[in-house]
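Okay, here's what each chain looks like letter by letter:
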Amino acid sequence: MISTVFFGSHHFSTPILQQLIDSGIFDIKLVVTQPARPVGRKQEIQMTGVKTLALKYNIPVEQPASLKDYTLPVSADINIVCKYGLIIPEKILNFAKHGSINSHASLLPKYRGASPIQSVLVHGEKETGVTMMVMDKEMDHGPILAQGKLAINPDENCFELSERLAPLEAELLIKTIPDFIAGKITPQIQNHEEATFCKELTRDDGKIDWNRTATEIYNLYRGMTPWPGIWTEWNGKRLKLLKIAPADMKIETGKLTAKDGHLYMGAGQNTAIEIFELQLEGKTAIDAKGFINGFKTTLSS
RNA sequence: CGCGGGGUAGAGCAACCAGGCAGCUCGCAGGGCCCAUAACCCUGAGGUUCUCGGUUCAAAUCCGAGCCCCGCAA
């Protein structure tokens, strides 16, 4: 068994941790996850899924607010870092005997940073993958141990793609780490010239620029689903578009139009999207038909 | 006490500000038209206007309390 400290916070860190446990080759000594933060309108405190899973297996959990002056209580053979969400100082990275391995959901050196899966979709890429690498002090910068590729389906959204990437990450970790520890893998230095970066997303990243083409907007929709979602302004209110697709129509750019029971919005360069499901600020989500029925007068004016 | 929108027929909305028969689009039921139709025309059913209390001759509407949903923010 390989003694391991697992770092993870994100929703999709949970199934990966589960697979690592199930593989039976890792002895998870400790799980490090971000502190529970207030969530939702009521500011309720909710623990991460990773913590819930760790507790289920009686694995000790640490939740430091900052790692700057933090010292790991246990030293392991290896640290596995998977969507932890905080910068980890070098001394913690090197605290494990064989250092720290990160699984990153892109084909490095492309899409370094906090939102690789979303960004890949927004840019309309046809292919992505996961990369196992040895961590150094710069983000997603260390030498590569292994990569796995995955073709992106044209209508796939971020959640669906994440769901397919997570097991791939887990598989590759399980396959790669024993070989790495045994010295059978030579880490490959990344070609830093080719590196691209992606930032952490905010809700504003989901605001639609209607001068973009329907395809670009559709890619934005895929990347931002389910979070933060895409939205626009309509009659001074925020209008979330929950389900859309490119449409073979010509509509004035930025104009919301109902036609034959369907709802369209004009995009750039004479393209348009059809809206199937949407939600107006303060209202519940409804389908296009209900929206047209209720806002017929407003729409035609 | 973080800010804001909302709860009206099966669905989505209007009427509320300025109290006076609760309306529109869709759906549903029945009928008509048509070679035919998810199209069109006619008719009909369907309401505790979220709950409780208050004001009033009269409350969906004004006042107070509560419950629930949602958009921000974090």
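Values in this document were obtained by computation on a predicted structure and should not be read as measured data. (Residues numbered from 1 in each chain as written. Chains lettered and ligands numbered in written order. Predicted model: local features only at pLDDT ≥ 70, side-chain atom pairs only at ≥ 80, totals over all residues. Heavy atoms only, no water.)

## Here's the deal with the domain arrangement of chain A
Thought 1: In terms of domain boundaries, chain A breaks down into domain 1 (2–198) and domain 2 (203–298).
Thought 2: Look at where the C-alpha atoms of domain 1 and domain 2 centre, and you get two points 34 Å apart.
Thought 3: Between domain 1 and domain 2, the contact holds 12 residues from the first and eight residues from the second.
Thought 4: Summed over both partners, the interface of domain 1 with domain 2 comes to about 790 Å²; 54% of that surface belongs to carbon and sulfur atoms.
Thought 5: On the domain 1 side of the interface with domain 2, the three residues burying the most area are Leu-121, Val-122 and Asn-157, jointly 45% of the side's total.
Thought 6: Joining domain 1 to domain 2, the criterion identifies zero salt bridges. (Domains from an automatic or database assignment. Contact = heavy atoms within 4.5 Å. Buried area = accessible area lost by both parts, 1.4 Å probe. Salt bridge = Lys/Arg side-chain N within 4 Å of Asp/Glu carboxyl O.)

## With respect to the environment of Ser-106
Thought 1: Tracing the sequence through the fold places Ser-106 in the loop between strand 7 (100–104) and strand 8 (112–113).
Thought 2: Along the primary structure Ser-106 and Thr-33 are separated by 73 residues, whereas in three dimensions their C-alpha atoms are 22 Å apart.
Thought 3: In this structure Ser-106 touches Tyr-111, Pro-116, Thr-128, Gly-129, Val-130 and Thr-131, once residues within four positions along its chain are discounted. (Helix = DSSP H or I, 4+ residues; strand = E, 2+ residues; numbered from the N terminus.)

## What to know about the packing of aromatic side chains
Thought 1: What the rule picks out here adds up to six aromatic pairs.
Thought 2: Relative to Tyr-84, the ring of Phe-7 has its centre 5.5 Å away and its plane inclined at 85°; by these criteria the two rings are edge-to-face. Residue Phe-7 is located in strand 1 (residues 2–7), and its partner Tyr-84 is located in the loop between strand 6 (78–81) and helix 3 (90–93); the two are separated by 77 residues in the primary sequence.
Thought 3: With a relative accessible area of 1%, Phe-7 lands in the buried category.
Thought 4: The aromatic ring of Trp-231 is capped on one face by Arg-238, whose charged end is 3.6 Å from the ring centroid. (Phe/Tyr/Trp six-rings, centres within 6.5 Å; stacked < 30°, edge-to-face > 60°. Buried < 20%, exposed > 50% of the residue type's maximum accessible area, 1.4 Å probe, protein only. Lys NZ or Arg CZ within 6 Å of the ring centre and 35° of its normal.)

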